Every structure is written in structure tokens, then in C-alpha cells.
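Remarks on the overall topology
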Protein chains: 2
Amino acid sequence: MSRIPGRVPTQPPTLADVAELAGVSRQTVSNAVNNPDLLRADTLVRVQEAIEQLGYSPNRAARNLRTRASHLIGLRMNPGQEFTANAAMDRFVHSLVETSGEAGYHVLLFAGSGTDPLAGYDDLLRSTAVDAFVVTDTYLGNPQAAWLRERRAPFVAFGRPWDDAEATHPWVDVDGAAGTELAARHLLDKGHERIAWIGWRKDSWIGEDRRAGWSRALKARGLSTSGLASRVEDTIHSGREASAVLLDEAHPSAFVCASDTLAMGVLHTLADRGLRAGQDVAVIGFDDSQVAQVVRPGLTSVRQPLEDVASQIVNALEGLLAHPPRVGPGILLTPTLAVRGSS
Amino acid sequence: MSRIPGRVPTQPPTLADVAELAGVSRQTVSNAVNNPDLLRADTLVRVQEAIEQLGYSPNRAARNLRTRASHLIGLRMNPGQEFTANAAMDRFVHSLVETSGEAGYHVLLFAGSGTDPLAGYDDLLRSTAVDAFVVTDTYLGNPQAAWLRERRAPFVAFGRPWDDAEATHPWVDVDGAAGTELAARHLLDKGHERIAWIGWRKDSWIGEDRRAGWSRALKARGLSTSGLASRVEDTIHSGREASAVLLDEAHPSAFVCASDTLAMGVLHTLADRGLRAGQDVAVIGFDDSQVAQVVRPGLTSVRQPLEDVASQIVNALEGLLAHPPRVGPGILLTPTLAVRGSS
DNA sequence: CTCCTGCGCTTGATCGTTCCAAGGGAGCAT
DNA sequence: ATGCTCCCTTGGAACGATCAAGCGCAGGAG
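Residues numbered from 1 in each chain as written. Chains lettered and ligands numbered in written order. Predicted model: local features only at pLDDT ≥ 70, side-chain atom pairs only at ≥ 80, totals over all residues. Heavy atoms only, no water.

1. Some thoughts on the protein's contact with DNA strand D
With respect to spatial proximity, 26 residues lie near DNA strand D, and among them A:Leu15, A:Gln27, A:Ser30, A:Asn34 and B:Arg68 are the closest. Each atom of DNA strand D within 4 Å of the protein was assigned to sugar, phosphate or base; sugar and phosphate come to 64%. A:Asn34 is positioned with one of its side-chain polar atoms (N or O) 2.6 Å from a phosphate oxygen of DNA strand D. Between DNA strand D and B:Arg66, the relevant distance is 3.2 Å, taken from a base nitrogen to a side-chain nitrogen or oxygen of the residue. Every element with two or more residues in the surface near DNA strand D is listed here: helix 2 (26–34) and helix 4 (60–67) of chain A together with helix 2 (26–34) and helix 4 (60–67) of chain B. Considering every element that reaches the surface near DNA strand D, the biggest residue donor is helix 4 of chain A, with 5 residues. Here the surface near DNA strand D is built from residues that sort into 9 nonpolar, 10 polar and 7 charged. (Near = heavy atom within 4 Å. Polar contact = N/O pair within 3.5 Å; in protein donor to acceptor, adjacent residues only side chain to side chain. Helix = DSSP H or I, 4+ residues; strand = E, 2+ residues; numbered from the N terminus. Nonpolar A, V, L, I, M, F, W, Y, C, P; charged D, E, K, R; others polar.)

2. Some remarks on the sheet that holds strand 6 (residues 195–200) of chain B
All names here are of chain B. In spatial order, the strands read 7-6-8-9-10-12; together these 6 strands make up an open sheet with mixed pairing. Every interior strand has two partners, whereas the edge strands, strand 7 (229–232) and strand 12 (336–338), have only one. Adjacent strand axes in the sheet meet at a mean angle of 20 degrees, parallel and antiparallel pairs treated alike. In terms of strand pairing, strand 6 meets strand 7 through 4 bridges, oriented parallel. Bridging across to strand 7, Gly199 finds its partner in Arg231. This element, helix 11 (residues 260–272), spans strand 6, strand 7, strand 8 (254–257), strand 9 (282–286) and strand 10 (300–303) of the sheet and lies at about 155 degrees to strand 9. (Pairing = 2+ DSSP bridges. Axes fitted to C-alpha atoms, helices over the stretch in contact; angles between N-to-C directions. Contact = heavy atoms within 4.5 Å.)

3. Regarding the pairing of strand 7 of chain B
Residues of strand 7 of chain B alternate between two faces, with B:Ser230 and B:Val232 buried on one and B:Ala229 and B:Arg231 left unburied on the opposite face. Read as a crossover between parallel neighbours, the route from strand 6 of chain B over helix 9 (residues 205–220) of chain B to strand 7 of chain B is right-handed. (Buried < 20%, exposed > 50% of the residue type's maximum accessible area, 1.4 Å probe, protein only. Right-handed = clockwise from strand over helix to strand, strands pointing away.)

4. Points about the domain arrangement of chain A
Segmenting chain A into domains produces domain 1 (15–58), domain 2 (72–174 + 306–333) and domain 3 (176–303). Distance between the C-alpha centres of domain 1 of chain A and domain 3 of chain A: 61 Å. (Domains from an automatic or database assignment.)

Take a look at the structure:
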């Protein structure tokens, strides 16, 4: 059937238009787009020329309706994050958009309410607006994972299921302990023997994991960690206070911190006391935020391989959405150390 | 027609299911969702209960197909931006997601190639995947605006059409000149009389705009600007060099910079010379990036009202997508000054 | 010569929603 | 009782793609 004459010319062309121009049926055009192998070579060329000539691109809504897939990945923007988390998240989102784009997926952002961690998921799921979710805040026993699994919603988590060893959903995470161990070893190799730790409160799984790496490195060299660790809130102010206390009481020559925020606090304390970061006392942060790159004299920091994380997540998503689904084991990636003036 | 028995129970309910349960027709359910006024009160209640009971949510793909609208807004992620631009962009994206969510729209991110500024737009447009675009990099004569207008694609620009006074598309921008004028006045009020400018190369419209505000403030007080301005690349290193030269040759007591990046360079120079930022020499940056908030002693910076920008953009989009479209004039918002220790 | 097989393409049905034009019931006046 | 509104409701069609059969033709085996 041909288009109704007089129709507004800005309407995009449809499969039927292409079919008519190429002198084939709709299905043949569809095959030319999705299963080119099924066509005879000369027919394929003819259809492709018609597609080119009309500037045809399949209507997403129609395709989504028929195939029950949207090729969209939902990602929740968490309101009011801490700045280091934000910095990392920004880099992660960039990578995710690029990687998923190469795999034929787009990223759909939606807002979360600070109070209800499930807000937004439900509607997108029931309206089949997205094929899958990427969940980024699985720490501290957030209920998203269990909730999504219960509804059989495909999702991949950025973050281990700390509190649930039984969890069977795919996940990708960065080995924080390996990162802090790397940091501590770097300092040990430079001759430091009294290396302090400033981390988060004990109820943070991530914090305890990162602390474990520091501890492991020291113990591997037969050094004691006692009196060298402090656990505080993730603010500059806390980092500043904690480092002041540690300097007075334990006289460390270096600090490893659970975040760049805390490390900035240490730098402030050093400046207060006329100590030079990197010369008199070494400092290493975590996340390689923009601040770490800009501050004097440059903050050495553990850098998460977020590009690889995004790539692995997209890979897991593709498996999850395949027929039949392939679900692999969780993946743990190793961070690197961005060495700068502070160490 | 009722659902086929034996169908997989995880299939989401459809309009027909709700209709059957409520004892009405499909259209009545559709009206209950989209035009509740058309229903008798008791019928409406019955339908709403059925919707609630089944957990029904309209299938997005089917709705999109029928109404030729996706309720998605396309936003391109620009690869490898400078960090200040990134910082601002992150805050902007957050606001945009929240505001557009309230208006019933979601944000679709797509990747741009560094080389082709139009990559990605074309396909999303032709496949009717998004209703409209938000374009964020209209400076420097990027061709998106003209290209999109030519295809009658609805879009709102964050940024003025600097190079095209004839442009009729809706836009929202921040008055950079007002920001730097605010900064300069703040310094003048503190008694500074020799206030230097470090900005970008002359071919940047935004840079020249910001420079104009500084210049205007000085001239309003009868002060000369000659010898006090420098135009360089937007890097810390350039800011550092430029400020060193200015200090030697023009002896300013304060700096206003076109970006936080440049301001960081100034802070480095001050530290090199044992000068205290805020005490000996005042420094003001632009963008209120995370770095400005964290660095010692806190960098005073011009803060763009990105929440308002997002809100106005969504407002403009709603007008653009209404029937008939309402397209208002461009909107210029005034930034504020985040005062910290450096001034 | 007939039958079967497989390739390449066409045809009708379907996904779940909204639009359209017509159907139907209650209420009121005649 | 009949006719006429006025609303609300109804079935059919359409949006544009893919799925599942089906059809004609060529070539080989029986």
C-alpha cells in the first residue's frame, strides 16, 4: 500500500515506503535490516539503496511493541550524593553511555527520591519502558536487588551483594581492598613504616573492605596496625580532625584514606602544621576525583577502572537479555594507582 | 477478549485485562487514565480499583506508537570534556532529570563522537526515539542548532545563539557577564582597585562575555582595565603562568577568572610565592565546581543557577511540544556568587 | 513424468494503545 | 407511550514493525 498523497512530507518513511520503492514486500525490507543473510545479494543491494534514498530508520515504538524490548537501560540518578561519589559516578555514566551505545543500547536516566529507594523502578518496569536496570547503590543493604529479583526484572549491579552470599544476580565491582593494598605497598616501597588509615564507620561494607587492604599490606611486612586506624564520617572536616589526632598520637609518616574527601582533610591538617604533603608526610586518597588531579601538589589516589566496569556491565546485560539468558558469576576488577606529588 | 489461559503469569497486564476485571471496555480504561473527567464518578473508581489490583501501567511502546510521542528527551554526552565543564554538566544533568521527571519526561543519554557533532542525533530523530533534544554545546558555531532546525526537530539550547541573531529556537542561558560583574563588584567593595582578568582566547564568545562583565564593573568605578587582562588556554598551567606575569607587570591585588581551572592556576602561583589567597591576594573563579568548595582556603566562585536553567528548559520544551507549539523568547538567568575564603 | 526439498520472497495476523464515529441508556418534555 | 437530548460507552481501525505460515520456482531423486 502506498502512502496517502498529500500527506505531510515531514512524516518519516516507513517500511512500506521502502518496500514499494524497492519493489519488494515489507518483510523483505525488515529482513534486509535485521537478517541480511536471508536475502539474495542483488535484492539486498536494491533494498539498501531504497533505504538510503528515503533516509529510512525503523520506528522504535513499533519495533519495541512487537519485540517487547526497548533497547533502553534504566539508570537511577541518586539525589544529593557526596562529591566523590558524584565524581566517580560521572565518569561511570560517561563510560556506560559509550559502551552501551556500541552494543545498541541507550541509557535512560530517571530520578530517585531520597527517601524511597524503589521510586521510579516500578513504573518503568511495569510499563516496559526499559529492558534492564543498572543498579549502582547496592551497599548498606538497599532493597533494590531483592525487589528487582522478586519481579524477575533483569538488572546488573555495580557493587557486590555484601549482605547476601546467596545472591545470584550478575554484578561487577572494584576490588577496593586490592586498591588500598596497592596504595600501602607503594608507600612501603618508598620506605614508610608507620602508615595510618582513615576510613569510614564500621557499618560500611565498602569501608571495611578498603581498610582490609591496608591492613593486609602492613601485616605482610610484619608491621603492626594498632593505633594507626581511625573511622569517621566521610567529610573533609572529619579527615582533618582524624589526621590531627593520629599525627599527635601515633606519629605516622603516611596516610591511606578511604576517599579523596578524607585525604583532602589530611592535606588541610598538613598545611595547618606547615608540613609538606609528599615531602614530609605522604597521603593517598581513593577515587581519583578531579580534586585529586588539581590540588597541590597532586593527590596520589586509587583509581577505579570505571571504563572496564561499564564494559563488563554491558557485557553482563547482553548475556542477561539473550535467549536463553546467560548469567555469569560476579566480576571483580582491580583498580590502579594514580601516583602524584602527595606520595 | 480475555487473556489466553496458560500464558506466562509474569506478562504485564494490558488495558484489556483491566477492562475485563472492571466490566468496562478498553476505551473506558484508557479514558480513566488519560481523561478521567469523561467518566462517571463511580465508574472511574471501579476502573481505578481494577488498575490498582492488577498493577497496571500503560505499555509505553504501544502508547508511543499510537501517539507518535516517546516522552523522552535526548541529551548528548560529550566525550572528554574539561573538568569544570564536566562538573557543571553533572549538576545540570541531575537537575534536568529531576525537573523533566516531574513533567512526565525521561532523559535519554547518547554518546557523541568527538569528531562529528551531529553523530547520534540523526538516528534518534528518524527512528522517532525522542520527542526533543536538549543541546548543550551551541558555542563556537556548532552546527547542531541549524541542522536540527532544518529538520524541524524540536530542541531547546542551553546557551545563546551567539553567532546567529536571527535564530528563532528557544534557548536558556546564564548571563556570564553579570556573574563576573558581580565578582568584580564584590572585590571593589572590599577595597580592591587593581583587579586583573584571566580569561579565554578571544574566539570564545562565552569568554568574551565573561570578560565584559569584569570590564564593565571596573569602568563603572572609573578604573582602567589596561594591562590587567590576559587571555589563555583553559588549563591550570596557563592560569599559573598568566597570573605570574600579571603579578610581576601589573601588581594586581585581586583576580577574576573565566573558570575555576584558571583560578586554581592563580592559587598555585600565590602558593609558589608565599602569598596567602584571600589575605594577600583575592581570587574568584567561575562555575563553583567541587574543586572550589574543597581547596584551601575555599575558592570564591560564580555559581550558575543550573537548577533554574533546567527548570526553564523543561518549561520551554513543554511549550514546544504542545499543540499548537508555544515558543517563547530566549531566557537569560543571573548567576550568584558563592563567597569563600579566597576573597 | 511425478514428487520432494529448499531457497527467496510474500501474505495475513499480531503486539497494546489511542482515535473515530456510531451505539445505547437514562432522563425529560411532549 | 414516544421522541429527543445528552453523556457515557462501545467496537472497529490504525499506528509500524516482526512473527509464522505459505507459495512459487528450480533442481535432484525416484
